[in-house]
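Results of the structural survey
Take a look at the letters that make up each chain.
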Amino acid sequence: METFGGKNVFVVGAGRSGLAAALLLLREGARVTLLDERPKEAVEQSLGAAIPPQVAFVNGRMDEKAAFGIDLVVLSPGVPASRLPLEALRRSGAPVWGELELGFRRFRGSVAAVSGTNGKSTVTTLLGEMASRAFPRVFVGGNLGTPLAEAAGKPFDWGVVEASSFQLESIDTFRPKVAVLLNITEDHSDRYQDFAAYAEAKMALFRNQGAADAAVINVDDPEISARAGRIPAEKIPFSLTRPLGEGVCLDGGEMVYRNGAREERYPRALLRIRGTQNVENAMAAIAAARRIGVPPEAVRDVLAAFPGLPHRVEFVRKARGVSWFNDSKGTNVGAVLKCLEGFPEPVVLIAGGKDKGIDFRPLREPLRRKARAVVLFGEARGRMERELSGTAPLATVDTLAEAVRRAAGLARQGDVVILSPACSSFDQFRNFEDRGEAFRRAVMELPG
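Report follows, based on the coordinates. Not measured: the values here are computed from a predicted model. (Residues numbered from 1 in each chain as written. Predicted model: local features only at pLDDT ≥ 70, side-chain atom pairs only at ≥ 80, totals over all residues. Heavy atoms only, no water.)

This next bit is on the overall build of the protein chain. Across its full length, the protein chain carries 15 helices and 20 strands. Against the globule reference of 22 Å for 448 residues, the protein chain gives a C-alpha radius of gyration of 23 Å, in line with a compact fold. Overall, the protein chain is about 70 × 55 × 35 Å in size when its C-alpha atoms are taken along their principal axes. Each of the 448 residues in the protein chain was classed as buried or not, and the buried ones make up 57%. Across the protein chain, every contact between residues at least 6 apart in sequence was considered, and the portion connecting residues at least 24 apart equals 65%. Carbon and sulfur atoms form 49% of the exposed surface of the protein chain, whose accessible area is close to 18000 Å². The centroid of the 60 positive side-chain charges in the protein chain is displaced by 2 Å from the centroid of its 54 negative side-chain charges. (Helix = DSSP H or I, 4+ residues; strand = E, 2+ residues; numbered from the N terminus. Rg over C-alpha atoms; globule rule 2.2 N^0.38 Å. Buried < 20%, exposed > 50% of the residue type's maximum accessible area, 1.4 Å probe, protein only. Contact = heavy atoms within 4.5 Å. Areas by Shrake-Rupley, 256 points an atom, 1.4 Å probe, with all protein chains shown as cover. Lys, Arg positive; Asp, Glu negative; His and termini not counted. Charge placed at Lys NZ, Arg CZ, Asp CG, Glu CD.)

Have a look at this one:
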């Protein structure tokens, strides 16, 4: 394994991933420079930790002059590669890795990776809990929670890693033994040149796999199906809509896993998590867990016990006959569509936030069929109102708290009110968790 003791390393982006990479390289004896466009005080406040004095901190971007005389650049996922002096780095020969790549090269165990526009945190958590029932040493993290670099050098049987498109942009040798791709729908239009570029970033999950590896794929997703022929690993499909001779499919009220002559059935009624998207998530976790050797009884136990993750179609309360759900993590149109599918009741949808440039028009038909009303708030509300006009009664307000009060006035007994924003949170909140907590507070303050 190549180490960087005594060598010059730049880590670009001082979020949690960047700090984990810097500390790992520091332990190897590298001379580490950490760059961020925020002042050091703001970075440390955001991290809730001090940057060690052995790490040189630079407030600013990496320039062409800095590209020469360094041995490695580690790029944090929140920083687009376009902010690096890429041509100068190519001339200097310094490799550019993401923190995921660095962590993978130092990880002492097998890796199962989960990606997709929506559902990846739920599946990562489910699969991690299933693996922990079968193996004594399991790491769960990546884009979800703990960076993979923090697991470096420790003995693990498996690492269950959530991998975002941002992380997959900067891999080199990253090769999961089991890779799960849940869906590819429009997102991050503010980062990618077009949808094809975003889809290619997701498909990088399979790039380094071979015939001995496994790819768990959603064959109902047209974007994945169109690209599945390029996957070099053994493909394990899952589907909500069609019977499968191999893989996982839905048969009435049961999720059926088939592998050769073996067939296992997992009742859908086991699931505590609501919605058709969570049936898909469960099927993906079943396929991956069985592939890595988790016994069926452990899979079944976790499916029955898993309560779901906060801010993902999370039940908040019932008041005056109206049920309130927090889906603050629904930050793109695909997530909102899946969320709406899971509710047969009339819906009052609360949506809006920071505009990422995605097309909201795919929501038109579902809202026409299902929505009692739609309440829009935040930066994107004007464009959303234009693109969704004529689907259902629309109301626009400035803030989320106002949206909750307006939704309460529009909902009728037996309705469901859902916060599923189709937008990121950064116009008014620190992150989707902050937005979800604000929604919870506003709902709990309602009378009844």
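What follows continues from the structure just given.
Time to look at the pattern of salt bridges. In this structure the tally under the stated criterion is 37 salt bridges. Residue Glu28 is joined to Arg106 by a salt bridge in which the shortest nitrogen-to-oxygen separation is 2.5 Å. With Glu28 in the loop between helix H1 (16-27) and strand E2 (31-36) and Arg106 in helix H4 (residues 99-106), this residue pair connects regions lying 78 residues apart in the sequence. Since its relative accessible area comes to 6%, Arg106 is described here as buried. The salt bridge partner of Glu200 is Arg227, with a shortest N-O separation of 3.6 Å. (Salt bridge = Lys/Arg side-chain N within 4 Å of Asp/Glu carboxyl O.)

A word on the sheet that holds strand E9 (residues 178-181). If you trace the nine strands from one edge of the open sheet to the other, you get E7-E8-E6-E9-E10-E11-E12-E13-E14, paired in mixed fashion. Two strands lie at the open edges of the sheet, namely strand E7 (138-142) and strand E14 (262-267), each paired on one side alone. Each neighbouring strand pair of the sheet contributes to a mean axis angle of 20 degrees, computed without reference to strand direction. Where strand E12 (residues 247-251) lies against strand E13 (residues 254-259), five bridges are found, and the strand directions are antiparallel. Looking at the pairing, Gly247 lines up with Arg258 of E13. Its contacts with the sheet put helix H10 (residues 296-305) on E13 and E14, and the angle it makes with E14 is roughly 20 degrees. (Pairing = 2+ DSSP bridges. Axes fitted to C-alpha atoms, helices over the stretch in contact; angles between N-to-C directions.)

Now for helix H13 (residues 381-388). Considered for burial, the residues of H13 that qualify are Arg383, Met384, Glu387 and Leu388. Along the axis of H13, the buried positions cluster into a sector of 120 degrees, meaning they face one direction only. Looking at the buried residues of H13, the elements they touch are strand E17 (347-352), helix H12 (364-370), strand E18 (371-377) and strand E19 (394-396). Backbone geometry just after H13 places Gly390 at a positive phi near 90 degrees. (Arc of directions from axis to C-beta.)

For the rest of this paragraph, the subject is the pairing of strand E16 (residues 322-326). Burial of E16 is extensive: five of the five residues sit out of reach of the surface. Two elements, strand E15 (residues 314-319) and E16, share five bridges in a ladder whose sense is antiparallel. Looking at the pairing, Arg317 lines up with Trp324 of E16. Counted between consecutive antiparallel strands, the loop separating E15 from E16 contains two residues, among which Arg320 sits at a positive phi close to 55 degrees. Of the strand pairs in this sheet, E16 and strand E20 (residues 416-419) are connected by four bridges, and their pairing is parallel.

Here Lys318 shows up in strand E15. Using a relative accessible area of 56% as the deciding quantity, one classes Lys318 as exposed. Between the C-alpha atoms of Lys318 and Val416, which are 98 residues apart in sequence, the distance is 9.1 Å.

Let us look at the sheet that holds E16. Strands sit in the order E15-E16-E20-E17-E18-E19 across an open sheet of six strands; the sheet is mixed. Across the chains shown, the open sheet's two edge strands, defined by having one partner strand only, are E15 and E19. Looking at each pair of strands side by side, their axes are set apart by 20 degrees on average, direction ignored. Pairing analysis gives six bridges linking E17 to E18, with the strands arranged parallel. Following the sheet pairing, Ile350 is matched in E18 by Val375.

The next point concerns the side chain of Arg191. Along the chain, the position of Arg191 falls in the loop between E9 and helix H7 (195-203). Aside from chain neighbours lying at most four places away, what touches Arg191 is Pro77, Gly78, Val79, Pro80, Phe166 and Glu169.

Looking now at H7. Among all positions in H7, only Tyr198, Ala199, Ala201, Lys202 and Met203 are buried. Elements that come into contact with the buried residues of H7 comprise strand E6 (108-115), helix H5 (120-134), helix H6 (165-168), E9 and helix H8 (222-227). A distance of 3.3 Å separates the backbone nitrogen of Ala196 from a side-chain oxygen at the start of H7, and that oxygen is part of Asp194. (Polar contact = N/O pair within 3.5 Å; in protein donor to acceptor, adjacent residues only side chain to side chain.)

Attention shifts here to the pairing of E9. Residues in a regular strand project their side chains so that they alternate between the two faces of the sheet. Burial of E9 is two-sided: the residues Val178 and Val180 facing one way and the residues Ala179 and Leu181 facing the other way are all buried. In this structure, E6 lies alongside E9, joined through four bridges in parallel fashion. Paired with Ala112 across the two strands is Val178, which belongs to E9. Bridging between E9 and strand E10 (residues 214-218) involves four bridges; their strand directions are parallel. Considered in E10, the bridge of Ala179 is made with Ala215. In terms of handedness, the path from E9 via H7 over to E10 forms a crossover that is right-handed. (Right-handed = clockwise from strand over helix to strand, strands pointing away.)

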